[in-house]
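Close look at the chain arrangement
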Amino acid sequence: MPRWIEGTERHPRLGLLSRSQGPLALGVGIVTAIVGTTSPAVLRVTELQLAWAVMGLALVATLVLPWERIARPWALTLVSADLAVVGFVNHAVSPVLGASIVLLAFPVLWLSYSFGRLGVVLALVGSVLVIWLPSLLYGEGPESAQDQSELVALTLLLVLVILAVGLQSQRFERAQARVRAEGEAKVEALEGQNRLALMLRTVADEVNVGLVFFDEHGDQILNNRLAVELATLAGYDASTGGARFIWAADGVTPLATEDQPVVRVLDGQDVRDFFYWVGPPGKQRALVANGRPVSGADGEPNGALLVGQDVTELTEAVRMRTESLTSLSHELRTPLTSILGYLDMLDDDTDIAPRVQAQLAVIRRSADHLGRLAEQFLAASAPHLEITDEPVDLSAIVLEAADERRRLGLPDGVELRTAAVPTLQLVGDRARLRELLSIMLDNAVTYTRVGEILLSVRSDGVDAIIRVTDTGIGIPTDELARVFERFHRAGNVREETIRGSGLGLTIARSIAQAHRGTIEAFATGDPGTTFIVRLPLARRNRSVDRRRR
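Presented here is an overview of the structure given in this document. (Residues numbered from 1 in each chain as written. Predicted model: local features only at pLDDT ≥ 70, side-chain atom pairs only at ≥ 80, totals over all residues. Heavy atoms only, no water.)

**Things to note about a positive patch on the surface**
Together, Arg117, Arg171, Arg174 and Arg178 make up a region of like positive charge exposed at the surface. Per-element accounting of the positive patch gives the leading share, three residues, to helix α6 (residues 145–206). In this fold, arginine 171 is placed in helix α6. (Patch = residues over 30% accessible without salt bridge, like charges linked within 9 Å, V, L, I, M, F, W, Y side chains within 5 Å. Areas by Shrake-Rupley, 256 points an atom, 1.4 Å probe, with all protein chains shown as cover. Salt bridge = Lys/Arg side-chain N within 4 Å of Asp/Glu carboxyl O. Lys, Arg positive; Asp, Glu negative; His and termini not counted. Charge placed at Lys NZ, Arg CZ, Asp CG, Glu CD. Helix = DSSP H or I, 4+ residues; strand = E, 2+ residues; numbered from the N terminus.)

Dropping the structure here:
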């Protein structure tokens, strides 16, 4: 937009006066002073007096009227008044001071610069009228060819100046529009970033994890309230990235600076599910940290992100549950030992009636079941699964587990079949492998109402492959990945209120992994379930320490 009023000015009217009426009034004043000194009679010329009258009215209008709220066309009245002033002054004093025509530059330049194309046209018309109108009205044309040439040259030069100024003004306006658009875009982008930063800060403060963003220099650019609290508790030193009160998973061993999560992510390392403690003794909090370095679009390091979750309450709950399981297991084992001992004594008594022997068999099965539960509780509560290495005959263990399961009894309508079992040797813990097979068979028996359970073992030359397939109620496909989680029980099992601890398959997986093996579950779809265990025949990467964790 042509800028005859600067919208950013504190006093727009004074700015208008300084750009238009002020310079012209000063120029007219100088011309009047010079003429008054050299030719005082000119001061009484009507045109000069009329010029000052119009000039005065224009000055008053400039200072009084609210031009910042008046439409642009009305501003042309000021320019018209200026052209009239220049015309009156030039006609009055040009006989004694020809340079007065220079006053025409003030309104002409203002028109060309501030009013766009319309201003250029008006400047051209006004210049021609100021220069040539007196000759037409008063018949005072140039007296000689030289005078005529001077007027023509003056007119042409003014036309060139007006066109040049108008063109430059348009270029300036376009450049100003681009700068203004870029500035508005930057302001809008900055406001958007500020809104996003505010939203991010609000979200960060509301989440229940400690959240820290670092820039490429390792300085924190965003953190939330919980992160500040945890950093204060840990005695965090921003200059080194390390903390004074930070401990390993046991809560006792100080964590070396290079192993601390902040130092690791700033060093470009990924941190995944790192468990540690922060805080001085007596005020420690358990945390799980996850973080990674952040790279820019060009792949260059651009900072790091670290998230710390306070799991103190969960850790304490797990500890209390573990202690409860351990205590429960020990409390069960003492009376069970006595029950099983008396049952063994009764088994040796030949005078017991067959009906009582059947009842004693039921008691033994229940006692054996409680014993297995107690062992599972102890295994689940132990921090590490311990195994021993010794040569074992896997084939014999498989057959023994099947026979033991048959001895304990099978539901009516359920058959346990054992496929041909080849002779397979491996190195492992015989008792733990027997426990693994017992868990798999117990699981199949528990969830099979009718049909069969097939136990097979074979070798692919590298691994021994144990397969247990049943025709039971099956496992929902979306829960197959979770069946090995501690205390997890499938939804269909809970609906049918089938008893169980949710620990057996967790222990089975621990035993398989301790032997460098795997265990997987598959839905057969009829329904039914298949569990496959793979155990290496030749143990690889053996540890010197016989207690593997």
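**Concerning the side chain of asparagine 224**
Summarising the element assignment, asparagine 224 is placed in the loop between β2 (220–223) and α7 (225–234). Judged by its relative accessible area of 1%, asparagine 224 falls in the buried class. Among the polar contacts listed, one links the side chain of asparagine 224 to the backbone nitrogen of leucine 211, at a separation of 3.0 Å. With sequence-adjacent residues up to four places away left out, asparagine 224 is seen in contact with Arg201, Ala204, Asp205, Val207, Val209, Gly210 and Leu211. (Buried < 20%, exposed > 50% of the residue type's maximum accessible area, 1.4 Å probe, protein only. Polar contact = N/O pair within 3.5 Å; in protein donor to acceptor, adjacent residues only side chain to side chain. Contact = heavy atoms within 4.5 Å.)

**Some points on the packing of aromatic side chains**
One pass over the structure, following the stated rule, counts two aromatic pairs. Measuring from centroid to centroid gives 5.5 Å for phenylalanine 274 and tyrosine 276, while their planes differ by 35 degrees, and the two rings are tilted. Seen from their ring centres, phenylalanine 275 and tryptophan 277 are 5.9 Å apart, and the 85 degrees between their planes marks the pair as edge-to-face. You can call phenylalanine 275 partly exposed: its relative accessible area is 27%. (Phe/Tyr/Trp six-rings, centres within 6.5 Å; stacked < 30°, edge-to-face > 60°.)

**Some thoughts on the sheet that holds strand β12 (residues 518–523)**
Strand order in this open sheet of five strands is β8-β10-β11-β13-β12, and the pairing throughout is mixed. Among the strands making up the open sheet, the edge pair consists of β8 (414–418) and β12. Across the sheet, the mean angle from the axis of one strand to that of its neighbour is 15 degrees, orientation sign disregarded. Packing of helix α14 (residues 504–514) onto the sheet brings it into contact with β12 and β13 (529–536), and relative to β12 it is tilted by some 135 degrees. (Pairing = 2+ DSSP bridges. Axes fitted to C-alpha atoms, helices over the stretch in contact; angles between N-to-C directions.)

**Considering a nonpolar patch on the surface**
Together, Leu14, Val60, Leu63, Val64 and Leu65 make up an exposed nonpolar region whose accessible area comes to about 440 Å². Examining the composition of the nonpolar patch, we find that three residues originate from one element, helix α2 (residues 46–64), more than from any other. Within the element layout of this structure, leucine 65 appears in the loop between α2 and α3 (72–93).

**What about unusual backbone geometry?**
The backbone phi angle of aspartate 273 is positive, close to 50 degrees, even though this residue is not glycine. Relative to the helices and strands, aspartate 273 resides in strand β4 (residues 271–278). Exposure remark for aspartate 273: the relative accessible area of 60% places this residue in the exposed category. Not every positive phi belongs to a glycine, and arginine 516 is a case in point at roughly 60 degrees. With respect to the secondary-structure elements, arginine 516 resides in the loop between α14 and β12.

**Considerations on the nonpolar core**
The biggest cluster of nonpolar side chains holds 42 residues, and the ones touching the most others in it are Leu394, Ile453, Leu455, Ile466, Phe531 and Val533. Among the secondary structure elements, those contributing two or more residues to this core are α11 (394–408), β8, α12 (430–446), β10 (451–459), β11 (463–470), α14, β12 and β13. When residues of this core are assigned to their parent elements, the largest contribution, eight residues, is made by α12. Ignoring sequence-local partners within four residues, the contact set of leucine 455 consists of Val398, Ala402, Arg417, Thr418, Ala419, Leu437, Leu441, Ile466, Arg467 and Val468. Grouped together as the second largest cluster of nonpolar side chains are 38 residues, Ala58, Val108, Leu111 and Phe115 included. (Core = buried A, V, L, I, M, F, W, Y, C linked by side-chain atoms within 4.5 Å.)

**A word on the sheet that holds β4**
Taken in spatial order, the six strands of this open sheet run β2-β1-β6-β5-β4-β3, and their pairing is antiparallel. Across the chains shown, the open sheet's two edge strands, defined by having one partner strand only, are β2 and β3 (246–247). Looking at chain direction, strand β5 (residues 285–295) and strand β6 (residues 301–310) are connected through eight bridges and run antiparallel. Note on β6: the bridge partner recorded for serine 295 is proline 301. Most of the contacts of α7 go to strand β1 (residues 209–214), to which it runs at about 90 degrees, and overall it touches β1, β2, β4, β5 and β6.

**Remarks on the pairing of β13**
Most of β13 is tucked away, with seven of its eight residues classed as buried. Relative to β13, β11 runs antiparallel, the two being bridged by eight bridges. Across the sheet, residue arginine 467 finds its bridge partner in β13, namely isoleucine 532. Relative to β13, β12 runs antiparallel, the two sharing six bridges. Residue isoleucine 519 lies in a different strand from β13, and its bridge partner there is valine 533.

**Re helix α4 (residues 105–114)**
For α4, the complete set of buried residues consists of Pro107, Val108, Trp110, Leu111, Ser112 and Ser114. Positive phi appears at glycine 116, one or two residues downstream of α4, with a value of about 65 degrees.

**Let's talk about the pattern of salt bridges**
Summed over all chains, the structure comprises eleven salt bridges. Between aspartate 442 and arginine 405 there is a salt bridge, with its nearest N and O atoms 2.6 Å apart. Of this pair, aspartate 442 sits in helix α12 while arginine 405 is found in helix α11, placing the two residues 37 residues apart along the sequence. Close ionic contact of aspartate 460 with arginine 534 constitutes a salt bridge, the shortest N to O distance being 2.5 Å. In this pair, aspartate 460 sits in the loop between β10 and β11 while arginine 534 sits in strand β13, placing the two residues 74 residues apart along the sequence. Connected via shared salt-bridge partners are Glu400, Arg430 and Arg434.

Everything listed here is a matter of geometry and, on its own, says nothing about what the molecule does.
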